[in-house]
Amino acid sequence: MRYNGNVKTNGNMNNLQIAELLRAVAAAYTVKSKSRFKFKIIAYERAADAVEHLSSEAKDLWDEGELTNVAGIGESIARHLGEIFTTGKSKHFEKVFSGLPPAMFDLLAINGIGPKTAYKLTSELSISKNAVQALKKAASSGKIAKLEGFGVDSEREILLGIGEYERKPEKRMLLPHAMRIADEIKDWVMRCAEVEKIEVLGSLRRRASTIGDIDMAVATNSPKIVLDYFGNYPKKVRLIEKGDKKASVLLAGGVRVDLLVMVPEAFGAALQHFTGSKHHNIELRERALGMGLSLSEYGIKRIKNKELRIKNFADEVTFYKYLGLSYIEPELREGAGEIESAANNNLPKLVELTDLKADLQIHSSFDIETSHDLGESSMREIVKKAESLNYEYIALTEHNPSQSGHTQKDVVEILKRKREMVDELNYSISQKQNYRVIKVFNSLEIDILSDGSLPVNDDGLATLNFALVSIHSNFRLNREKMTKRVLTALDHPGVKIFAHPTGRKLNYREGVELNWEKIFEFCLEQDKWIEINADPARLDLPDFLVREAVLKGIRLTLGTDAHHVTGMNNMRWGVDVARRGWAEAKNIVNTLSLEKFERLL
DNA sequence: GCCGTTTTCGGCCCGACTGTTTTCAGTCG
């Protein structure tokens, strides 16, 4: 639901709706006078970004009197939002929106239409409702081209924009999917002889959990040839734009690919610029201004000396160094304190894939009569795969036996059978001469029932080395009940790991509501561990919560949740999440050697 | 409207691309 300029709500706005409202305010100021309100507009846009990226609801923060502590939200915006939270509307915002057609805000969702264009179109075409449809009709009948300031080309662009808006899927790409597309384009571009280097940048390089656009940069001395070549990418749906410096194409499914070209000697600044994020770049440039420097994708120049040539950087390390900063890993570049840390030289030494000594969530095909999905690979196949990944140990974590059709006594019997199987496996591994010894831990992924109880009793738990617990049903309890549910489950003896803690499925299901403060506190006190599930459709714990957990000193684990040996290759995506959450090897339990892990256990 | 290595006033990231213009405005990343 798009904000339409009518400030009438029940006061229960979520962060997304608030962000939309604040952007609408910025748009309204833009229409009224872009020059007069220049900085107010920036402030509202920043506030919108800030709210959108909050990890708690703005309403809750306001209740606690913490809203003004959010960077980008000051007394004024907090007061207006407070008025909305209490009365459902804001007198000030109503004044800002007065005189503007509410329908214009619907058009802002279309690429290429900004505040001014939206205002012009809705007023001159007298559009009042079903704005997008009305605009489509006007464009199709050639009415837009006749308006002053428009022409047949802009009318065609608007129609294209509407078409893409209508087809645009809500879904963002999962990381591996985006990576495959990017690699394919990369392979194709590299076949152009003029290309010296090509790098995939943007949110892909920052390893965000979902990807919108794909950004790339090429080092070349023949920009025109490369851009022409790129513009002819055979899988494109259309060429969005092409200039001297960059070009953009649209792929099937609404995926946009931007390519920036740069001479090799200035490639470092281009990498930095196009890796972003926006917030990182803005913060970096503000810092540079304070040093009398101005940054761009071309390099760094001194402000007071414009005739001075721009300083080039072939790589990013020297670029950051010039600004008095240590090198900032792409995963950290979100404008979330990394620049300050780099200035103080206390950035974390991020965990790496090669630090991992184990995979702590794997499902084998050994049938323990679960009601959830069984794995497809045998225990032996999994051990062999673990060996190829240089692991020292693994945990086999099938879902618990189903409750229906099993008495608790049955369940214990089944678990004893599995225990014997794992014991035999460990014995046979230890007997093999040219086998690197991998220890297999006997574990289980146990459902957390609605009341926090577990479908496995203490005798069953006693057959395990340790247990994982996770939510697979009843995702919609309120925050308080859900928190109690989880804490009750974690409190059982033998339960060690809270697996895929939010239960989110990217693009399909939001995570559950939990009081993380309480969960973290409990985990810290009771030495319970929290999983970062490396399944690219989950990536759960999410990166921003990893950051909070790391700050609090919570022990984290990484597990692929593999249901087939190929799934064990997914560890890299989990490591990416850990890195985005500022995690070092010491924060991840399964970077420990087998000996240390057993001692900790 | 926000904010502080310029600290309660006076700044606020930087540039590319397109279309409709004839020097620029709007939009985007």
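The numbers attached to residues start from 1 for each chain and follow its sequence in the written order. By the order in which they are written, chains take letters starting at A while ligands take numbers starting at 1. In view of the model being predicted, local features appear only for residues whose pLDDT reaches at least 70, and side-chain atom pairs are presented and counted only at 80 or more, with totals across whole chains, interfaces and linings using the full set of residues. Note: side-chain values were computed over all heavy atoms of the structure, leaving out hydrogens and water.

### As for the overall build of chain A
So, step 1. Of regular secondary structure, chain A possesses 25 helices and 17 strands.
So, step 2. Our radius of gyration looks at C-alpha atoms and nothing else; its globule reference is 2.2 Å times the residue count to the power 0.38. Here the C-alpha radius of gyration of chain A, 27 Å, is about what a compact globule of 601 residues would show, namely 25 Å.
So, step 3. Oriented by its inertia axes, the alpha-carbon framework of chain A measures out at about 80 × 60 × 50 Å.
So, step 4. A total of 601 residues make up chain A; the buried ones form 51% of that total.
So, step 5. Only heavy atoms enter the contact rule, under which two residues are in contact if any of them lie within 4.5 Å. In chain A, 67% of the contacts between residues at least 6 apart in sequence involve partners at least 24 apart.
So, step 6. Exposure was quantified through the Shrake-Rupley algorithm and a 1.4 Å probe, taking into account, for residues, occlusion by the shown protein chains and nothing else. In the structure as shown, chain A presents an accessible area of about 28,400 Å², 48% of it carried by carbon and sulfur atoms.
So, step 7. By the counting scheme adopted, Arg and Lys are positive, Glu and Asp are negative, and His together with the chain ends is not counted. Note that the charge is assigned to NZ on lysines, CZ on arginines, CG on aspartates and CD on glutamates. Side chains of chain A carry 86 positive and 84 negative charges; the gap between the two charge centres is 6 Å. Each helix is a run of H or I in the DSSP string that is no shorter than four residues. Each strand is a run of E no shorter than two, and both are numbered from the N terminus. Exposure is judged per residue with a 1.4 Å probe applied to protein chains only, and the accessible area is read against the type maximum: over 50% gives exposed, under 20% gives buried, and values in between give partly exposed.

### A closer look at the protein's contact with DNA strand B
So, step 1. Taken together, 49 residues lie near DNA strand B, and Gly72, Thr117, Gly151, Arg285 and Tyr298 sit nearest.
So, step 2. Sugar plus phosphate, as a fraction of atoms of DNA strand B within 4 Å of the protein: 81%.
So, step 3. Each polar contact in these results corresponds to two N or O atoms within 3.5 Å; when the atoms are within protein, one needs to be able to donate a hydrogen and the other to accept it, and residues that are neighboring in sequence are counted only if both atoms are side-chain atoms. A distance of 2.7 Å separates a phosphate oxygen of DNA strand B from a polar backbone atom of glycine 114.
So, step 4. Backbone polar atom of aspartate 244 to a phosphate oxygen of DNA strand B: 3.0 Å apart, as the coordinates give it. Only a single heavy atom is needed: when it lies within 4 Å of a molecule or strand, its residue is near that molecule or strand.

### Here we look at the environment of leucine 464
So, step 1. Topologically, leucine 464 is positioned in the loop between α20 (458–462) and β14 (467–470).
So, step 2. Here leucine 464 falls in the buried class, since its relative accessible area comes to 9%.
So, step 3. Leucine 464 sits 195 residues away from alanine 269 along the chain, and the two C-alpha atoms are 53 Å apart.
So, step 4. If we skip the residues at most four places from it in the chain, leucine 464 touches Arg419, Asn442, Ser443, Leu444 and Ile446.

### Considering the pattern of salt bridges
Side-chain pairing between opposite charges can occur once the charged atoms of the two side chains come close.
So, step 1. When a carboxyl oxygen of Asp or Glu is within 4 Å of a side-chain nitrogen of Lys or Arg, the pair counts as a salt bridge. Taken as a whole, this structure holds 31 salt bridges when the rule is applied.
So, step 2. For lysine 439, the salt bridge is made with glutamate 598, and the minimal N-O distance between the two is 3.3 Å. Of this pair, lysine 439 sits in strand β12 (residues 439–442) while glutamate 598 sits in helix α25 (residues 594–600), placing them 159 residues apart in sequence.
So, step 3. A salt bridge links aspartate 543 to arginine 580, with the shortest nitrogen-to-oxygen separation between them at 2.8 Å. Pair noted here: aspartate 543 is in helix α23 (residues 543–552) and arginine 580 is in helix α24 (residues 571–580), with a separation of 37 residues, a long-range link.

### A look at a negative patch on the surface
So, step 1. Only residues whose relative accessible area exceeds 30% and that form no salt bridge enter a patch; like-charged residues are grouped when within 9 Å of one another, and nonpolar side chains (Val, Leu, Ile, Met, Phe, Trp, Tyr) when within 5 Å. Judged by side-chain charge, Glu57, Asp60, Glu64, Glu66, Glu510 and Glu513 come together as a negatively charged surface patch.
So, step 2. By secondary structure assignment, the location of aspartate 60 is in helix α3 (residues 58–63).
So, step 3. Here aspartate 60 falls in the partly exposed class, since its relative accessible area comes to 31%.

### Structural notes on the packing of aromatic side chains
So, step 1. Aromatic contacts are taken between Phe, Tyr and Trp rings whose centres are within 6.5 Å, Trp giving its six-membered ring; a plane angle under 30 degrees counts as stacked, one over 60 as edge-to-face, and the others as tilted. Counted according to the given criterion, the structure contains 18 aromatic pairs.
So, step 2. Between phenylalanine 313 and tyrosine 322, the ring centres sit 5.4 Å apart and the planes meet at 65 degrees, which makes this aromatic pair edge-to-face.
So, step 3. Note on phenylalanine 313: relative accessible area 4%, which makes it buried.
So, step 4. Overall, the relative accessible area of 31% leaves tyrosine 322 in the partly exposed class.

### Section: the pairing of strand β15 (residues 495–498)
So, step 1. Direction of pairing for β14 relative to β15: parallel, over a ladder of three bridges. Within the sheet, the bridge partner assigned to leucine 468 lies in β15 and is isoleucine 497.
So, step 2. Taken together, β14, helix α21 (residues 479–490) and β15 constitute a β-α-β crossover, and its handedness is right-handed.
So, step 3. By definition, two strands form a pair when at least two bridges between them are found by DSSP. Note that β15 and strand β16 (residues 529–533) share two bridges and pair parallel. Counted as the bridge partner of isoleucine 497 is tryptophan 529 from β16.
So, step 4. By convention, orient the strands away from the viewer: a clockwise path from the first strand over the helix to the second makes the crossover right-handed. In this fold, β15 hands off to helix α22 (residues 516–526), which returns the chain to β16; that crossover is right-handed.

### Side note on the packing of helix α1 (residues 15–33) against helix α2 (residues 38–52)
So, step 1. Geometry is summarised by axes, namely lines fitted to C-alpha atoms with helices restricted to the contacting stretch, and by angles between N-to-C directions that run from 0 to 180 degrees. Closest axis-to-axis distance for the α1/α2 pair is 8 Å, and the angle between their directions is 170 degrees. The angle between α1 and α2 places the two elements in the roughly antiparallel class. Mapping the contact onto sequence places Asn15, Leu16, Ile18, Ala19, Leu22, Arg23, Val25, Ala26, Tyr29, Thr30 and Ser33 in α1 and Lys40, Ile41, Tyr44, Glu45, Ala47, Ala48, Asp49, Val51 and Glu52 in α2. The cut-offs work like this: below 35 degrees is roughly parallel, past 145 is roughly antiparallel, 65 to 115 is roughly perpendicular, and the gaps in between are oblique.

### A few points about the sheet that holds strand β10 (residues 358–362)
One key point about sheets: their strands pair by backbone hydrogen bonds, in either a parallel or an antiparallel sense.
So, step 1. Taken in spatial order, the three strands make up an open sheet running β10-β11-β12, and their pairing is parallel. Every other strand in the sheet has two partners, leaving β10 and β12 as the edge strands with one partner each. Shown here is a sheet whose adjacent strand axes are inclined to one another by a mean of 20 degrees, direction ignored.
So, step 2. Taken together, the four bridges between strand β11 (residues 393–396) and β12 define a ladder with parallel strand orientation. When the sheet's bridge partners are listed, leucine 396 is paired in β12 with asparagine 442.
So, step 3. Its contacts with the sheet put helix α18 (residues 379–388) on β10, β11 and β12, and the angle it makes with β11 is roughly 150 degrees.
So, step 4. Docked against the sheet, helix α19 (residues 408–431) engages β11 and β12, running at close to 170 degrees with respect to β12.

### Comments concerning the confidence of the model for chain A
So, step 1. Mean pLDDT over chain A: 93, with 97% of residues reaching 70 or higher.
So, step 2. Across residues 1–5 the pLDDT falls below 50, and counting only partners more than four positions away or on other chains, this stretch makes 16 contacts in the model. Confidence of the predictor at the level of single residues is captured by pLDDT, which takes values from 0 to 100.

### A word on the sheet that holds β16
So, step 1. Spatial strand order, β13-β14-β15-β16-β17: five strands in an open sheet with parallel pairing. Edge positions in the open sheet fall to β13 (445–447) and β17 (556–559), since each of these has one partner strand only. Each strand axis lies, on average, 40 degrees off the axis of its neighbour in the sheet, ignoring direction.

### Topic: the side chain of threonine 591
So, step 1. You can see threonine 591 is positioned in the loop between α24 and α25.
So, step 2. From its side chain, threonine 591 meets the backbone oxygen of isoleucine 588 in a polar contact 2.7 Å long.
So, step 3. When sequence neighbours within four positions are dropped, the list of residues in contact with threonine 591 reads Val351, Asp355, Leu356, Lys357 and Ala585.

### Structural notes on helix α11 (residues 175–190)
So, step 1. Working rule for helices: expected span equals 1.5 Å times residues minus one. For α11, with 16 residues, the first-to-last C-alpha span of 22 Å sits near the 22 Å given by 1.5 Å per residue.
So, step 2. All of the buried residues along α11 are Leu175, Pro176, Ala178, Met179, Ile181, Ala182, Ile185, Trp188 and Val189.

### Some details on helix α4 (residues 75–87)
So, step 1. End to end, α4 covers 18 Å across 13 residues, agreeing with the expected 18 Å (1.5 Å per residue, within 8%).
So, step 2. All buried positions along α4 are accounted for by Ile77, Ala78, His80, Leu81, Gly82, Ile84 and Phe85.
So, step 3. Against the buried residues of α4 lie α1, α2, α3 and α5 (91–97).
So, step 4. Remark: glycine 88 follows α4 within two positions and exhibits a positive phi of approximately 90 degrees.

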